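Here is how the chains run, residue by residue.
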Amino acid sequence: MTVGYLRPTRVLVNQQAIYENVQNELAQLKNQETEIFAVVKANGYGHGMVPVAQAAEAAGATGFCVAILDEALDLRRADFTEPILTLGITQPSYASLMAANQISVTVGSLTWLEEAYDILKSEKNSRPIHVHLGIDSGMGRIGFRDASELLAAYQFMQTHNDYFDFEGVFTHFATADDPDDTYFKEQSARFKTLLAVLPEQPRYVHVSNSATSLWHAACNGNMIRLGVSMYGLNPSGKAIEQVPYPLKPAMRVESELCFVKEVKSGSKIGYGATYTADSPEWIGTVPIGYADGWLRRMQGSQVLVDGQFCEVVGRVCMDQLMIRLPHEYPVDTKVVLVGNSGNESISLQDVADYAGTIHYEIACDLAERLPRVYQPITGDINI
Ligand SMILES: *Cc1c(COP(=O)(O)O)cnc(C)c1O
């Protein structure tokens, strides 16, 4: 993928914000033994996997979670030596690769262990594979739902403990960000029932994503899979505004006007000629478009120029969009798509609200073509 270094459109990522969010999370934990694994899947929710991992590690995270094996291997290549857990299902055919790189794997069925065993045995693996048993307590995605199969998986690992190291057991909540905790409680009870089936508990028992840790801290277990709130975003969007510590957004999206003109009343703008200037108007062109993850449905939304909201007029193109300026501005004037400008600001939540989605999706959609520029850690906060 070509990265647009020579175009003035960029994603600025403040590593200090990530550092502070992790420090604040650590500071509010009741149990000092509880560890934080920074969730850096999907290129660190669009922020850049390795720089996010560095900031989280500096702040005290002791492990990482990723979605897929390729991400885990990229972290190992970047010389991270901490535990790395792949949260999705990895094919058992990669068992040896995972063992060799000490990647912890999520297992959700006995069959998976049996298939991995055949491979590890045939390849005479010298190191065991670290296993986290995933329990499906109600998310309905992956994991054990059945007590007898869970116990059988445990026993299979005990029998073949040269090949399997039982490192963790966990579940994932579907509604931890919901003010109504009825379903959360059901899931929590189901997890406890299934956990009780295991004759012993492994090193890591973990149930908390960001939302669980922020709003159901009593359930935390001894490790937290800290994702979206590490990036300074409220996991509930706007459903639960109360948070135990201020979340500091790490991302800013900026560009510059690349072309400015005054058009006559009645002039059309963009594909489909969907916008008509109803008076003489100053129109600025901004070099970002849907190929950068700036969704086509952002037509009609606002960006900031010189502390003023300006409307995106006409359709968002693949690589460019047009905005209506309050008056003439020179080419190269800064345009803020996410972040503050003067006294105004636009959050990822605002963008998500306009696009009819969640901030997670907006951040993850930002394309690789947008260069990520990092503002480094400046130091500890007073906590
Ligand atoms: C992505 C993910 C997380 C992190 O969730 P956030 O809401 O971003 O904190 C935690 N656990 C699992 C299983 C996940 O897939």
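Residues numbered from 1 in each chain as written. Predicted model: local features only at pLDDT ≥ 70, side-chain atom pairs only at ≥ 80, totals over all residues. Heavy atoms only, no water.

K.L.:
Just give me the short version of the packing of aromatic side chains, but keep the residues and values in it.
P.N.:
Under the counting rule described, the total for this entry stands at nine aromatic pairs. With a centroid separation of 5.8 Å and an interplanar angle of 75 degrees, the aromatic rings of Tyr154 and Phe166 are classed as edge-to-face. Taken together, the residues span a long stretch of sequence, with Tyr154 in helix H7 (residues 147-159) and Phe166 in strand S7 (residues 164-171) at a distance of twelve residues. A residue is classified by how much of its surface remains accessible, and Phe166, at 11% relative accessible area, is buried. (Phe/Tyr/Trp six-rings, centres within 6.5 Å; stacked < 30°, edge-to-face > 60°. Helix = DSSP H or I, 4+ residues; strand = E, 2+ residues; numbered from the N terminus. Buried < 20%, exposed > 50% of the residue type's maximum accessible area, 1.4 Å probe, protein only.)

K.L.:
Give a description of the pattern of salt bridges that names residues and reports values.
P.N.:
Taken as a whole and judged by the stated rule, the model has 13 salt bridges. Measuring nitrogen to oxygen at the nearest pair gives 2.5 Å for the salt bridge that ties Asp353 to Lys238. One end of the pair, Asp353, is in helix H10 (residues 348-355); the other, Lys238, is in the loop between strand S9 (223-226) and strand S10 (251-256), and 115 residues separate them in sequence. Owing to a relative accessible area of 35%, Asp353 belongs among the partly exposed residues under this scheme. One network of salt bridges, in which partners are shared, links Arg7, Asp292, Asp319 and Arg369. (Salt bridge = Lys/Arg side-chain N within 4 Å of Asp/Glu carboxyl O.)

K.L.:
Describe the domain arrangement of the chain, with residues and values.
P.N.:
Along its sequence, the chain is carved into domain 1 (31-231) and domain 2 (251-375). The gap between the C-alpha centroids of domain 1 and domain 2 is 39 Å. In this complex, domain 1 contributes eight residues to the contact, which on the side of domain 2 involves seven residues. Overall, the association of domain 1 and domain 2 removes approximately 670 Å² of surface from exposure, summing both partners, and the carbon and sulfur fraction of that is 67%. (Domains from an automatic or database assignment. Contact = heavy atoms within 4.5 Å. Buried area = accessible area lost by both parts, 1.4 Å probe.)

K.L.:
So what about the pairing of strand S3 (residues 63-66)? Which residues, and what values?
P.N.:
Burial along S3 is two-sided: the residues Gly63 and Cys65 and Phe64 and Val66 are all buried. Here strand S2 (residues 35-39) pairs with S3 via three bridges, running parallel. For Ala38, the partnering residue across the bridge sits in S3 and is Phe64. Relative to strand S4 (residues 84-86), S3 runs parallel, the two being bridged by three bridges. (Pairing = 2+ DSSP bridges.)

K.L.:
A description of unusual backbone geometry should follow, citing residues and the corresponding values.
P.N.:
Backbone geometry places Ala273, a non-glycine residue, at a positive phi of 45 degrees. With respect to the element layout, Ala273 can be found in the loop between strand S12 (268-269) and strand S13 (275-276).

K.L.:
Give me the lowdown on the environment of Tyr245, citing residues and values where you can.
P.N.:
Counting through the fold element by element, Tyr245 comes out in the loop between S9 and S10. Since its relative accessible area comes to 6%, Tyr245 is described here as buried. For the pair formed by Tyr245 and Gly88, sequence separation is 157 residues and the distance between their alpha carbons is 30 Å. Leave out the neighbours within four places in its chain, and Tyr245 touches Asn21, Asn24, Glu25, Gln28, Leu214 and Ser229. Of note is the side chain of Tyr245, whose polar atom sits 2.6 Å from the side chain of Glu25. (Polar contact = N/O pair within 3.5 Å; in protein donor to acceptor, adjacent residues only side chain to side chain.)

K.L.:
Pulling in residues and values, what's your account of the site of the ligand?
P.N.:
The full set of residues close to the ligand is Val39, Lys41, Tyr45, Leu87, Arg141, His172, Asn209, Ser210, Arg225, Gly227, Val228 and Tyr360. With respect to the ligand, the side chain of His172 contributes an N or O atom lying 3.4 Å from a nitrogen atom. Measuring from an oxygen atom of the ligand, one finds a side-chain N or O atom of Ser210 at 2.5 Å. For the shell around the ligand, the residue count by class is five nonpolar, four polar and three charged. (Near = heavy atom within 4 Å. Nonpolar A, V, L, I, M, F, W, Y, C, P; charged D, E, K, R; others polar.)

K.L.:
Please set out the sheet that holds S9 residue by residue, giving values where relevant.
P.N.:
Spatial ordering of the open sheet is given by S8-S7-S6-S5-S4-S3-S2-S9, a layout of eight strands whose pairing is parallel. Here the strands that pair on one side only, and so sit at the sheet edges, are strand S8 (204-206) and S9. On average, each strand axis in the sheet is inclined to that of its neighbour by 25 degrees, with strand direction left out of account. Here S4 pairs with strand S5 (residues 103-107) via three bridges, running parallel. Its bridge partner lying in S5, Leu85 is registered against Ser104. Against the sheet, helix H6 (residues 110-122) makes contact with S5, strand S6 (129-135) and S7, and its axis sits at roughly 155 degrees relative to S7, the strand it touches most. (Axes fitted to C-alpha atoms, helices over the stretch in contact; angles between N-to-C directions.)

K.L.:
Describe the nonpolar core, naming the residues involved and giving the relevant values.
P.N.:
Ranked by internal contacts, the top residues of the largest apolar core, which has 114 residues, are Val40, Ile129, Leu133, Phe164, Met230 and Ile323. Top contributing element to this core by residue count: H6, with seven residues. Of the residues that make up this core, three or more belong to each of domain 1 (31-231) and domain 2 (251-375). What Ile323 contacts, discounting residues up to four positions off in sequence, is Leu257, Trp282, Ile283, Gly284, Val286, Val303, Val305, Cys310, Glu311, Val312 and Val313. In terms of nonpolar packing, the next biggest core, distinct from the first, is built from eight residues, Val263, Ile269, Ala277 and Met322 among them. (Core = buried A, V, L, I, M, F, W, Y, C linked by side-chain atoms within 4.5 Å.)

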